[in-house]
Amino acid sequence: MKIILFLALVFSANTYAQDDHQIDTKTIKRFFEPLPESIIDEEENAALIKLGKTLYLDPRLSINDKISCNSCHQLDNYGVDNEPTSPGHDNKRGDRNSPTTLNAALHIAQFWDGRASDVEEQALGPILNPIEMGMPSKGAVVSKLKAINEYQKLFAAAFPDQKHPFNYNNIGVAIGAFERTLLTPSRFDDYLKGNEDALNQVEKKGLNKFINAGCVTCHNGVVIGGNSYQKIGVVESYETDDRGRFEVTHIESDKKKFKVPSLRNITKTGPYFHDGSVETLDEAIRLMAKHQLGKDVDAAFIEDIKAFLGSLTARK
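Everything numeric in this text was worked out from a predicted model, so none of it was measured.

Draft legend 1. Here's a closer look at the side chain of Ser262. For Ser262, the position within the fold is in the loop between β2 (257-259) and α12 (281-293). We classify Ser262 as buried; its relative accessible area is 12%. Looking at Ser262, its side chain comes within polar contact range of the main-chain oxygen of Val223, at 2.6 Å. Only 3.1 Å separates the side chain of Ser262 from the backbone nitrogen of Arg264, close enough to count as a polar contact. Those residues within four positions of Ser262 in sequence are excluded, and the remaining contacts are His107, Val223, Ile224, Gly225 and Gly226.

Quick look at the structure:
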């Protein structure tokens, strides 16, 4: 990571005004990694993953039997609902945008402020959140599931070595196992693995601009983000009442810091930013350039960057 950040800062400083500077493939591959083939043994964990998927799709995890994980993180819509913020069980909304669950297991932490360490912990939060799924207690969730015959079999199969498999923690373990299967390789992965023709010339031009401008300082690694916390408004102040990671750490320097979002599938997962306040990717690119890099960019820059970002969309 230190090497990546050093290289990014060097490129940002030395080629800041040279967006078309050509970067060789070897150097490009120092910034990014292709997605792994798998991060969970799907055969060995088949029963656990089956339970996790069933729970992920089940609205009975909510107080009114209407809200599931999939309501806000839709599997057939790149893991999002395309809402600025998501409606909960009584149509109230929280303050933050619902990020995609696709590739989320590869992030350093979960939620915009990183308050959950992994997808297993994250999966349990919304169930008890009074605005989201609204269940009153862990015990109420477990009792509700135990009364469903289907889950008697699924939990027993998923946790064969446990005498009492029905517990709240196991719900998160199962949903997390399922989410670890949600990897979305793209043409960019093919490119990183050596297929030079996987990206067209416009996309390669956008990739070069992405690196030269300094975007790669924060958006790097296997999910092109998701691996650090950064202040929004590094160069030019960005107005927001959300104190970000400060709410978790209570460290003054963490005010307005958020986990850097992954850019995988980004052309499909708007609206953008922590509060879902930015409707278009064009505007998101313009604002990031302005507030994070101190750079006013033109339409050509935005179009080229957007072309590269399109190569991060999952292969069908």
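So, next bit.
Draft legend 2. Layout of the nonpolar core. Counting residues in each nonpolar core, the largest one holds 38 residues, and the members touching the most others are Phe32, Phe188, Leu207, Phe210 and Leu309. Per-element accounting of this core gives the leading share, 6 residues, to α12. If sequence neighbours within four positions are ignored, Leu207 has contacts with Ile28, Phe32, Phe188, Tyr191, Leu199 and Phe308. By size, the runner-up hydrophobic cluster in this structure holds 34 residues, among which are Tyr56, Ile127, Met133 and Ile175.

Draft legend 3. The arrangement of the packing of aromatic side chains in detail. Scanning the entire structure with this criterion turns up 12 aromatic pairs. Relative to Phe188, the ring of Phe32 lies with its centre 5.2 Å away and its plane at 80°, an arrangement referred to as edge-to-face. Taken as a pair, Phe32 in the loop between α2 (25-31) and α3 (46-57) and Phe188 in helix α9 (residues 187-192) lie far apart in primary sequence, 156 residues in all. Each member of the pair, Phe32 as well as Phe188, is classed as buried. With a centroid separation of 6.4 Å and an interplanar angle of 40°, the aromatic rings of Phe32 and Phe210 are classed as tilted. Taken as a pair, Phe32 in the loop between α2 and α3 and Phe210 in helix α10 (residues 201-213) lie far apart in primary sequence, 178 residues in all. A residue is classified by how much of its surface remains accessible, and Phe32, at 3% relative accessible area, is buried. Taking the relative accessible area as the measure of exposure, Phe210 reaches 3% and is therefore buried. Aromatic rings pair up to connect Phe31, Phe32, Phe188, Tyr191, Phe210 and Phe308 into one cluster. Between the NZ or CZ atom of Arg115 and the centre of the ring of Phe111, over which it lies, the distance is 3.7 Å. Across from the ring centre of Tyr229, 4.1 Å away, lies the NZ or CZ of Arg245, which sits over that ring.

Draft legend 4. Up close: the side chain of Asp304. Its location among the elements puts Asp304 in helix α13 (residues 299-310). Look past the residues within four positions of Asp304 in its chain and what remains in contact with it is Val202, Lys205, Gly206 and Lys209.

Draft legend 5. Summary view of the packing of α12 against α13. Running from N to C, α12 and α13 cross one another at 110°; their axes reach a closest spacing of 10 Å. Taken together, α12 and α13 sit at an angle that is classed as roughly perpendicular. In this structure, α12 crosses over α13, and the sense of that crossing is right-handed. Across from Leu281, Asp282, Ile285 and Arg286 in α12, the residues of α13 making contact are Phe301, Ile302, Glu303, Ile305, Lys306 and Leu309. Taken together, the residues of the contact of α12 with α13 sort by class into 6 nonpolar, no polar and 4 charged.

Draft legend 6. A look at the state of the cysteines. The final tally for this structure, using the stated rule, is 0 disulfides. A disulfide-free cysteine, Cys72 has its sulfur positioned 8.7 Å from the sulfur of Cys69, the nearest such atom. Look at Cys72 and you get buried, because its relative accessible area is 12%. Free cysteine: Cys218, not disulfide-bonded; nearest cysteine sulfur from Cys215 at 9.0 Å.

Cut-off values and rules
Residues numbered from 1 in each chain as written. Predicted model: local features only at pLDDT ≥ 70, side-chain atom pairs only at ≥ 80, totals over all residues. Heavy atoms only, no water. Helix = DSSP H or I, 4+ residues; strand = E, 2+ residues; numbered from the N terminus. Buried < 20%, exposed > 50% of the residue type's maximum accessible area, 1.4 Å probe, protein only. Polar contact = N/O pair within 3.5 Å; in protein donor to acceptor, adjacent residues only side chain to side chain. Contact = heavy atoms within 4.5 Å. Core = buried A, V, L, I, M, F, W, Y, C linked by side-chain atoms within 4.5 Å. Phe/Tyr/Trp six-rings, centres within 6.5 Å; stacked < 30°, edge-to-face > 60°. Lys NZ or Arg CZ within 6 Å of the ring centre and 35° of its normal. Axes fitted to C-alpha atoms, helices over the stretch in contact; angles between N-to-C directions. Parallel < 35°, antiparallel > 145°, perpendicular 65-115°, else oblique. Left-handed = near helix turned anticlockwise from the far one by under 90°. Nonpolar A, V, L, I, M, F, W, Y, C, P; charged D, E, K, R; others polar. Disulfide = S-S within 2.5 Å.

That is the geometry; function is a separate question.
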